[in-house]
Number of protein chains: 2
Amino acid sequence: MSAPRQISRLLYRRSLISGSRRSTPTPMFKSPSLSVRHGSHLPPRSNQFTQPTKEHLDALKAISSSTLSTLDGSATEEELRSFNDDWMNKYHGKGSIVVKPKTTEEVSEVMKYCYDNGIAVVPQGGNTGLVGGSNPVHDEIILNLSNLNQIRSFDEVSGVLVADGGVILETADHFLAEKGFIFPLDLGAKGSCHIGGNVSTNAGGLRLLRYGSLHGSVLGLEVVLPDGRIWNGLSKLRKDNTGFDIKQLFIGSEGTIGIITAISILCPRRPSAMNVAVFSLESYEAVQKVFAEAKGHLGEILSAFEFFDKQSYALVKKHQEENGGERKVFETEGDFYCLIETGGSNAEHDEAKLTGLLEHLMENEMVLDGVLAQDSTQFQSLWSLRELVPESAGKAGSVYKYDVSVPVGKMYGLVEKMRAKLREGGVLEGDGKSEGPIRAVAGYGHMGDGNLHINIVANKYTDEIEKIVEPYIYEIVAENEGSISAEHGLGVMKAPYIGYSKNETSIELMKQIKQLFDPKGLLNPYKYIV
Amino acid sequence: MSAPRQISRLLYRRSLISGSRRSTPTPMFKSPSLSVRHGSHLPPRSNQFTQPTKEHLDALKAISSSTLSTLDGSATEEELRSFNDDWMNKYHGKGSIVVKPKTTEEVSEVMKYCYDNGIAVVPQGGNTGLVGGSNPVHDEIILNLSNLNQIRSFDEVSGVLVADGGVILETADHFLAEKGFIFPLDLGAKGSCHIGGNVSTNAGGLRLLRYGSLHGSVLGLEVVLPDGRIWNGLSKLRKDNTGFDIKQLFIGSEGTIGIITAISILCPRRPSAMNVAVFSLESYEAVQKVFAEAKGHLGEILSAFEFFDKQSYALVKKHQEENGGERKVFETEGDFYCLIETGGSNAEHDEAKLTGLLEHLMENEMVLDGVLAQDSTQFQSLWSLRELVPESAGKAGSVYKYDVSVPVGKMYGLVEKMRAKLREGGVLEGDGKSEGPIRAVAGYGHMGDGNLHINIVANKYTDEIEKIVEPYIYEIVAENEGSISAEHGLGVMKAPYIGYSKNETSIELMKQIKQLFDPKGLLNPYKYIV
């Protein structure tokens with residue numbers, strides 16, 4: 001086999017891009033006075049819940065000293081804003097009390113009190129969710145877990161980590177890195193999100209392809225139930241077949257049936273060798289072909305396969321330009337890009353496998369251009385091309401974010417249908433980048449998991465746009481037997497649309513489960529299953 | 001690094017052993033008249049259930065033509081025995097009707113009829129369980145799924161297999177092998193057990209270390225609920241966060257809240273290179289050290305790490321001798337043995353990693369002797385040393401089988417405590433191999449999962465022995481915060497002992513879940529959560 005023309009350039013060329021891997025999402029457009037009201041389907045306040053008063057506040061303060069409120073002036077409305085608003089500044093609660101318990105027992109006492117008094121509660125982790133699931137809809141008390149932030153134990157033989165729910169994902173991963181292990185989940189918001197929130201939303205993220213779902217890696221949970229009882233299911237065992245696996249119900253329950261105060265999770269060894277390469281390609285078909293080749297050549301060391309379109313890349317480039325970052329990454333740009341990450345235990349073997357793949361791709365002209373990271377700075381830089389997409393979209397306007405899963409072959413067709421629909425509705429010009437009410441429609445996501453993100457960047461949130469997009473997006477997902485929420489969850493945003501992904505029997509069973517755990521409906525109301 | 005003395009012999013020596021990998025468990029000691037009555041804790045028949053009559057039989061025959069019964073002479077008691085008795089011949093039901101529906105709709109109709117008439121039902125797959133979970137306790141109708149045995153679809157892009165619950169595990173794996181994929185579960189009973197049964201018992205088996213739990217790999221289920229409703233949760237999506245993950249409740253529910261009629265499961269690519277090596281070692285401490293080294297050297301290609309003690313090996317040797325197999329495997333035998341399997345995508349890389357490990361182990365005298373399989377026959381032969389342990393124990397006597405999980409470091413201590421207890425009780429002589437009422441106490445299992453199997457081989461099942469062993473075994477597991485059932489489940493055998501592994505809140509929640517799904521308590525009664 002003769003060495004192809006471009007390989008040496010590809011393999012040894014230094015990446016020119018700048019920009020680091022942003023792991024802390026920064027809230028955007030937080031204008032104190034002018035937030036666009038939208039989301040006409042938000043449900044009205046329910047009279048079944050007690051309105052929190054100064055008397056309740058005093059009782060809660062007696063339970064947990066770290067309690068803030070506008071009711072007694074211990075906090076201003078402004079100070080409570082970051083607890084009441086969501087990360088996108090799309091959903092705005094009116095909670096007047098924030099409780100930040102320091103122990104599981106305090107969480108339990110708070111819940112007992114609220115249960116006895118019929119007060120609704122929204123559990124809150126890092127508040128980085130994208131469906132309005134972690135901030136109040138009306139005046140729910142905000143039970144924020146950031147003070148529950150201790151690592152409880154780590155077993156270096158088994159790799160089992162036990163930690164409070166309020167530990168920040170990145171903190172947990174840094175702790176594990178020092179021990180030679182890795183948290184089996186990674187996502188853009190890692191610098192802010194809590195591991196308890198990750199579990200309660202069943203976060204997917206960037207390396208699900210390799211490490212699988214939290215339903216497989218979470219071994220145990222400690223949960224405060226709606227009535228305040230503490231459920232200790234904090235097993236450290238990899239295998240335990242003694243009755244219904246109750247913890248599974250809490251994974252992905254979005255804080256509607258219990259508050260996760262601690263998790264026990266199986267952490268794999270950290271790969272000693274890691275590589276990342278990014279390619280430009282001419283079509284979505286080419287991305288699919290490269291995905292198949294990557295699986296074949298890289299086998300067990302393939303740890304991520306991400307893709308993004310030229311509209312996504314344009315957003316990132318613009319964002320990097322505005323922040324003084326250099327731009328030139330590819331000599332030949334394409335309509336699509338894919339990122340391949342490997343993680344293995346032997347650098348030499350991994351490099352051989354990756355070189356084999358690269359040679360094959362170049363020889364067969366399956367990619368237009370490619371860049372391979374040569375060091376850890378470049379590793380982060382290349383990842384940032386993919387990871388900065390949501391942040392860059394946010395900087396460019398008000399973003400309608402959709403997160404769906406459909407069979408891999410049908411993923412990009414949804415983006416094209418969405419653009420056609422928006423053009424038809426007169427809010428989009430051209431191919432997804434325009435000066436109209438919609439500035440860009442970007443598609444990207446986790447190829448390996450069939451998980452597509454569509455970001456519709458608008459000048460502002462309007463009911464007009466929302467009506468064009470929803471429920472159309474859910475209809476085309478349902479046509480493909482997909483999920484209207486692959487990893488973001490339902491929250492308040494998608495609660496009304498669950499019928500597009502779940503049948504009546506499922507929804508009936510879910511309502512019964514909610515009723516069983518939370519008969520008063522106090523935990524995270526107005527959301528999820530309504 | 002100089003090549004150690006024994007390496008070349010170890011690497012290139014041909015294995016001398018015979019014996020193939022037995023995947024079909026053969027029932028043993030099926031004496032039609034003399035089965036020892038034991039298990040004094042078996043609950044009495046409940047009067048809340050209707051006793052099946054000829055009239056019920058006629059109605060069921062009208063629903064499913066494949067219905068057998070002693071009530072109308074369409075079957076003899078002898079013919080129903082294999083449905084009524086468990087695999088170990090330890091538990092004996094008295095069911096007079098066996099229904100074998102051919103479609104999900106037939107299952108639904110049968111359940112509707114039984115629900116309306118208050119008739120108890122035991123769902124049955126391959127009936128290979130080890131806790132008396134899949135045969136009747138009294139006169140429950142046996143709903144056997146062996147006629148529901150079609151593969152419904154397979155997607156070669158995603159690796160998602162959809163198949164009826166009654167497909168035999170080995171059949172599914174052979175089907176997948178032809179496509180270059182592997183079923184993410186393997187266990188000794190693969191030639192008989194059903195994939196629906198595997199899911200409903202959350203089977204663990206031999207490669208959980210590599211492919212993880214079914215809670216992670218099962219993507220969807222089709223389930224007939226106790227009242228006959230069909231719940232279609234047969235998603236093919238890897239990610240779907242739209243409400244409570246209901247399917248998780250059925251995984252490991254042992255047929256108590258629904259009958260799994262089809263599964264959708266994510267199947268990985270079949271490794272193109274596989275290796276297996278077996279070592280003799282002088283102590284359990286040495287096994288633990290080799291385990292740590294194997295994880296370090298083999299990383300992502302380690303697919304199984306099993307261990308067994310000399311008592312286990314003696315049982316296998318005796319069984320092989322009696323079947324004319326040759327015996328000499330190790331030049332130096334040890335008190336312990338471990339089996340290491342690798343599976344990867346590049347034979348050359350895998351061999352290099354494995355050679356690195358073997359050289360390290362030999363140089364540092366961490367093992368006494370070792371054999372590496374040179375071809376697929378030897379691969380099967382070496383696996384049989386481990387896989388034949390349960391069958392060999394069964395041939396040697398009546399076996400009390402325990403399946404527990406505790407932290408890896410404490411696993412073998414349980415075997416030693418058990419022997420001491422039996423010696424103290426006067427039923428065991430020597431070190432676990434004697435001529436007394438107990439013939440052998442063997443310990444083996446899945447090191448990688450902290451899962452220990454203790455097989456106590458007795459001349460016959462007696463209440464005396466049972467009283468010495470139980471609940472002592474569960475007490476010492478509970479002391480170590482372990483599970484009294486790592487992978488076998490609760491069934492009728494361990495139902496009374498769940499309190500050793502689960503707290504009151506857990507059991508209360510489980511009872512509520514059972515009540516929610518099966519308010520009449522008709523499905524698989526007397527078992528699991530009682």
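Residues numbered from 1 in each chain as written. Chains lettered and ligands numbered in written order. Predicted model: local features only at pLDDT ≥ 70, side-chain atom pairs only at ≥ 80, totals over all residues. Heavy atoms only, no water.

**Quick word on the sheet that holds strand β2 (residues 97-99) of chain A**
Backbone hydrogen bonds are what pair the strands of a sheet, in a parallel or an antiparallel way. All names here are of chain A. How we decide: For two strands to count as paired, DSSP must find a minimum of two bridges between them. Strands are runs of DSSP state E lasting at least 2 residues, helices are runs of H or I lasting at least 4, and numbering of each runs from the N terminus. Convention adopted: a line fitted to C-alpha atoms gives each axis, helices being fitted over their contacting stretch, and angles between N-to-C directions are expressed from 0 to 180 degrees.
Across the sheet, which stays open at both edges, the four strands sit in the order β1-β2-β4-β3 with mixed pairing between neighbours. Sheet topology places β1 (67-69) and β3 (121-124) at the edges, where each strand pairs with a single neighbour. Neighbour-to-neighbour, the strand axes of the sheet open up by a mean angle of 20°, direction not taken into account. Relative to strand β4 (residues 141-144), β3 is paired through four bridges, and the arrangement is parallel. Opposite Q124, over in β4, you have N144 as the bridge partner.

**With respect to the sheet that holds strand β16 (residues 451-458) of chain A**
Residue and element names in this part refer to chain A. If you trace the seven strands from one edge of the open sheet to the other, you get β13-β10-β12-β11-β15-β16-β14, paired in antiparallel fashion. Strand pairing shows two members of the sheet lacking a second neighbour, β13 (369-372) and β14 (398-405), which therefore form its edges. Sheet twist, expressed as the mean angle between neighbouring strand axes with direction ignored, is 15°. Bridging between strand β11 (residues 302-309) and strand β15 (residues 438-446) involves three bridges; their strand directions are antiparallel. Among the inter-strand pairings, F308 is bridged to a residue of β15, identified as Y444.

**So, the pattern of salt bridges**
Oppositely charged side chains can pair when the atoms bearing their charge come close. Worth spelling out the cut-off: The term salt bridge refers to a pairing of a side-chain nitrogen on Lys or Arg with a carboxyl oxygen on Asp or Glu at a separation within 4 Å. Using a 1.4 Å probe on the protein chains alone, a residue whose accessible area is under 20% of its type maximum counts as buried, one over 50% counts as exposed, and one in between counts as partly exposed.
The final tally for this structure, using the stated rule, is 51 salt bridges over all chains. Linking E487 of chain B and K239 of chain A is a salt bridge whose minimum nitrogen-to-oxygen distance equals 2.8 Å. Of this pair, E487 of chain B sits in the loop between α16 (472-479) and α17 (504-517) while K239 of chain A sits in the loop between β8 (230-233) and α9 (247-250), each in a different chain. Residue E487 of chain B shares its accessibility class with K239 of chain A, and that shared class is buried. Between E333 of chain A and K317 of chain A there is a salt bridge, with its nearest N and O atoms 3.0 Å apart. Of this pair, E333 of chain A sits in the loop between α11 (310-322) and β12 (336-344) while K317 of chain A sits in helix α11, placing them 16 residues apart in sequence. Here the residues in one salt-bridge network are D173, D186, K190, R207, R270 and E341 of chain A, joined through shared partners.

**Comments concerning the UniProt feature "domain: FAD-binding PCMH-type" (unreviewed entry) in chain A**
Condition: UniProt positions are given in the numbering used here, feature names are shortened, and annotations may be inferred rather than shown by experiment.
The UniProt feature table records "domain: FAD-binding PCMH-type" (unreviewed entry) at residues 91-270 of chain A. A distance of 38 Å separates the end C-alpha atoms of residues 91-270 of chain A, which is 24% helix and 22% strand.

**Some details on the confidence of the model for chain A**
Stated formally: Confidence of the predictor in every single residue is expressed as pLDDT, which spans 0 to 100. In this analysis, two residues are considered to be in contact whenever any of their non-hydrogen atoms come within 4.5 Å of each other.
With 91% of its residues at a pLDDT of at least 70, chain A reaches an overall mean of 91. Predicted confidence for residues 1-38 of chain A stays below pLDDT 50, and this span has 107 contacts to residues more than four positions away or in other chains.

**Quick look at the domain arrangement of chain A**
This is how the line gets drawn: Annotation comment: domain bounds sourced from an automatic or database domain assignment.
When cut into domains, chain A gives domain 1 (54-144), domain 2 (151-266), domain 3 (272-389) and domain 4 (397-488). For domain 1 of chain A and domain 3 of chain A, the distance between their C-alpha centres works out to 42 Å.

**What about the pairing of strand β6 (residues 160-164) of chain B?**
Residues and elements named next belong to chain B. Counting buried residues along β6, five of its five residues qualify, which places the element largely inside the surrounding structure. As paired strands, strand β5 (residues 151-155) and β6 are joined by four bridges and run antiparallel to one another. If you follow D155 over to β6, its bridge partner there is V160. Counting the residues between successive antiparallel strands, the hairpin from β5 to β6 contains four residues, one of them, G159, with a positive phi of roughly 80°. Pairing geometry for β6 and strand β9 (residues 259-266), over five bridges, is antiparallel. Bridge pairing links A163 to I263 in β9.

**So, the relation of the copies chain B and chain A**
Here is the rule we go by: Least-squares superposition of the copies uses the C-alpha atoms of those residues scoring a pLDDT of at least 70 in each of them.
Of the two same-sequence chains, chain B is brought onto chain A (RMSD 0.0 Å, axial shift 0.0 Å) by a rotation of 180°. Here the symmetry operator amounts to a two-fold rotation axis. In terms of C-alpha distance to the rotation axis, chain B has G216 of chain B as its closest residue, with the C-alpha 2.0 Å off the axis. Looking at chain B, 100% of its interface residues are interface residues in chain A too, so the copies touch through the same face.

**Remarks on the pairing of β11 of chain A**
Residue and element names in this part refer to chain A. Across the eight residues of β11, eight count as buried, placing the element largely inside the fold. Where β11 and β12 come together, seven bridges link them in antiparallel fashion. Directly across from E306, in β12, lies its bridge partner L339.

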